[in-house]
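Descriptive structure summary
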Amino acid sequence: MYPTRGRTKHLLFLLPISILVVTLLSFKRPAKFSSKTVEIPRLHIHKHIQIAHSACKGTLYPELCVSTLVSLPDLASKSLPEFISATLNKTMDEVRASSADCNAIRNKMKLGPLEKVALKDCIELFDDTIAELKSAISNLAPRKSTSKHYHDLQTLLSGAMTNQYTCLDGFAHSKGKVRKAIKKGLYNISHHVSNSLAMLKKIPGVNASKSEVFPDYGNVKHGFPSWLSTKDRKLLQASANATKFDLIVAKDGTGNFTTISEAVRAAPNSSDTRFVIHIKAGAYFENVEVERKKKMLVFIGDGIGKTVVKANRSVVDGWTTFRSATVAVVGDGFIAKGITFENSAGPSKHQAVALRSGSDLSAFYQCSFVGYQDTLYVHSLRQFYRECDIYGTIDFIFGNAAVVFQNSNLYARKPNSNQKNIFTAQGREDPNQNTGISILNCKVAAAADLIPVKSSFQTFLGRPWKEYSRTVFLRSYIDDLVDPAGWLEWNASFALSTLYYREYMNRGPGSNTSARVTWPGYRITTNSTEASQFTVGAFIQGNTWLNSTDIPYFLNLN
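Criteria and cut-off values
- Once a new chain begins, its residue numbering starts again from 1 and follows that chain's sequence as written.
- pLDDT decides what is reported in this predicted model: residues at 70 or higher carry local features, side-chain atom pairs at 80 or more are listed and counted, and totals for whole chains, interfaces and linings draw on all residues regardless.
- Computation of side-chain values: all heavy atoms of the structure, hydrogens and water removed.
- Any carboxyl oxygen of Asp or Glu within 4 Å of a side-chain nitrogen of Lys or Arg constitutes a salt bridge here.
- Secondary structure elements follow DSSP: runs of H or I of four or more residues count as helices, runs of E of two or more count as strands, with numbering from the N terminus.
- A simple rule labels every residue: compare its accessible area, found with a 1.4 Å probe on the protein chains alone, to the largest value its type can have, and call it buried under 20%, exposed over 50%, or partly exposed in between.
- Here the rule is simple: two strands pair whenever DSSP picks up at least two bridges between them.
- Stacked, edge-to-face and tilted are the three classes for Phe, Tyr and Trp ring pairs, Trp counted by its six-membered ring, which pair at centre distances within 6.5 Å; planes under 30 degrees apart are stacked, over 60 edge-to-face, the rest tilted.
- Counted as a polar contact is a pair of N or O atoms within 3.5 Å, where, for protein atoms, one must be capable of donating a hydrogen and the other of accepting one, and residues adjacent in sequence contribute only when both atoms are in side chains.
- Contact definition: two residues touch when any of their heavy atoms are within 4.5 Å.
- Angles shown run from 0 to 180 degrees and are taken between the N-to-C directions of axes, each axis being a line fitted to C-alpha atoms and, for helices, limited to the stretch in contact.
- Between 65 and 115 degrees an angle is taken as roughly perpendicular, under 35 as roughly parallel, over 145 as roughly antiparallel, and anywhere else as oblique.
- Note on convention: near helix rotated counterclockwise from far helix by under a right angle means a left-handed crossing. Clockwise means right-handed.
- Residues are grouped as follows: Ala, Val, Leu, Ile, Met, Phe, Trp, Tyr, Cys and Pro are nonpolar; Asp, Glu, Lys and Arg are charged; every other residue, Gly included, is polar.

Per the stated rule, a full pass over the model turns up 19 salt bridges. The salt bridge partner of aspartate 169 is lysine 466, with a shortest N-O separation of 3.0 Å. Separated by 297 residues along the polypeptide, aspartate 169 in helix H6 (residues 150-169) and lysine 466 in the loop between strand E25 (459-462) and strand E26 (470-474) bring together distant segments of the chain. When the shortest N-O distance is used, the salt bridge between arginine 516 and glutamate 503 registers 2.7 Å. Here glutamate 503 lies in strand E28 (residues 500-504) and arginine 516 lies in the loop between E28 and strand E29 (522-524), a separation of 13 residues in the sequence. There is no split in this pair, since arginine 516 and glutamate 503 are both buried. A single network of salt bridges, built from pairs that share partners, joins Asp121, Glu124, Glu289 and Arg323.

The next subject is the pairing of strand E22 (residues 421-426). Buried residues dominate E22, accounting for six of its six residues. When strand E19 (residues 397-399) meets E22, the two strands line up parallel, connected through three bridges. Counterpart to phenylalanine 398 in the pairing with E22 is alanine 425.

Here the structure, examined in full by the defined rule, presents 19 aromatic pairs. When the ring of phenylalanine 369 is compared with that of tyrosine 385, the centres are 5.7 Å apart and the planes differ by 70 degrees; the resulting orientation is edge-to-face. Highlighted residues: phenylalanine 369 in strand E15 (residues 368-370) and tyrosine 385 in strand E17 (residues 382-386), separated in sequence by 16 residues. Phenylalanine 369 gets classed as buried once you look at its relative accessible area, which sits at 0%. Between tryptophan 487 and tyrosine 522, the aromatic rings sit 6.1 Å apart at their centres with planes inclined by 50 degrees, giving tilted as the arrangement. Separated by 35 residues along the polypeptide, tryptophan 487 in the loop between strand E27 (477-478) and E28 and tyrosine 522 in strand E29 bring together distant segments of the chain.

In this section: the side chain of serine 271. By secondary structure assignment, the location of serine 271 is in the loop between helix H9 (260-266) and strand E5 (275-279). A distance of 2.6 Å separates a polar atom in the side chain of serine 271 from the backbone oxygen of threonine 273. Not counting residues within four places of it along the chain, the set of residues in contact with serine 271 comprises Lys295 and Met296.

As a further point, take the packing of helix H5 (residues 113-139) against H6. One way to put it is that H5 packs onto H6 with a least axis distance of 9 Å and a crossing angle of 160 degrees. When the axis of H5 is compared with that of H6, the two are roughly antiparallel. Of the two possible hands of crossing, H5 and H6 adopt the one that is left-handed. Only Asp152, Leu153, Leu156, Leu157, Gly159, Ala160, Asn163, Gln164, Thr166 and Cys167 of H6 make contact with H5, whose side of the interface consists of Cys122, Leu125, Phe126, Asp128, Thr129, Glu132, Leu133, Ser135, Ala136 and Asn139.

A separate point is the packing of helix H4 (residues 80-108) against helix H7 (residues 177-200). Relative orientation and spacing of two packed helices are given, respectively, by the angle between their axes and the distance between those axes. Running from N to C, H4 and H7 cross one another at 165 degrees; their axes reach a closest spacing of 9 Å. Taken together, the axis directions place H4 and H7 in an arrangement best described as roughly antiparallel. Between H4 and H7 lies a crossing of left-handed hand. Seen from H4, the contacting residues are Leu80, Phe83, Ile84, Thr87, Leu88, Lys90, Thr91, Glu94, Val95, Ser98, Cys102 and Ile105; seen from H7, they are Val178, Ala181, Ile182, Gly185, Leu186, Asn188, Ile189, His192, Val193, Ser196, Met199 and Leu200. Residues of the contact of H4 with H7, tallied by class, amount to 15 nonpolar, seven polar and two charged.

Structure follows, in structure tokens:
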């Protein structure tokens, strides 16, 4: 990751709107079948402007919002969901235009290898954005209850915005010519989505379903996603030799395929039912991509350290952070159990991802993620990690998903001599995004290679990658490797007032908060209501997509 500048302060937009009003008031259109002209009624125009103004109140980019809405016909007869749908339809046109621009740049400009990879990332991310915006528009349809789909809409729009910044991040290490050519269009897309997120909050009835309302979910001791059938849940609990699989991958040739990628290609597209792939013990040296169309896939390994997927792409070797992942998952509803995901590039190769997930409602159970810088890229949408081990050095859990880690182990490794360890770098770009990293009932400690030398390296809980970075450590054990300050600046005062960092009822020698940072956005909280915002129930809506199994699990704080 690299530092981004703070947002430009938003200018008052009264002057541009007044110019727009004057223009509309002076506009005349021909009367039908007549050479005369008739003036549009002034009351109608004023009402048009007032409606747009009201709908756009509270958005971060009101001038863009109003100028988008006033172009709509019959504005007075439209509902707020229709305003948002119209904005998103316009946004999709702009996404398609940006995608066409990137294709034109690929064909016409002389590019370096990294820029070619970054443009490929952008085009894929634009496709993902179109899919997410289409799903959002579908959920805004008049026949549907928008308030019931509020969390899905927030998730889809948050993901769509994240995609634009991920595209731009790919050019962080290039000379900047391509980034300069495309950034205006991508910022415009992001600002439209930001305005849509802000308008979404004003739809009547959503207040009852928003995550700011915290019902008592109770202490549910067992659970797993309810979109798993009973058969699926039994599959996750059973030993590998007691389970029937759709495909088997085995290095020794005793399965259907010898590589994971072959099995993924053979899996059905757009499946509504689980498709289970058993990956037998062994080391699989490959980069695996689970595309958007490969939905409902389950990878079952033979255990941490037994089934290992390993590769070594890195930024130093010419890959973007996004494309460096050993395993990249985008198809929704992905589940993995009993697998080690590793990027072996090493601490000198900088960003080198072991796993990237942009899969909504994805779950990882009893898996490990091994790398150095940027090990686990929780890119976007809703994710859950239970009883997992994550190893790394710099920013090794990062991204802009809404993600909960529960009963997992976070291990800082020995970095290079000039490096620090940072557990998290969360990437929320906008205060209306529903994203953040929640670490609940986990262990934060040194890996075996760091233990003998941990006094030689500073280690921090996190730093703000983006302006509205949001990370919480709740009821976790924090060992003595963590610096007394707790948290680290990204770049001088960047994001220190806009970030949201919290610690709640942690324990262990590193949980002493007496010398913590004093940033405006950081607080120690003893408020259980505030902390409960970031539980499985409230943060990733576990009350609607989790239910009982024999796997230990809880929806609330404990």
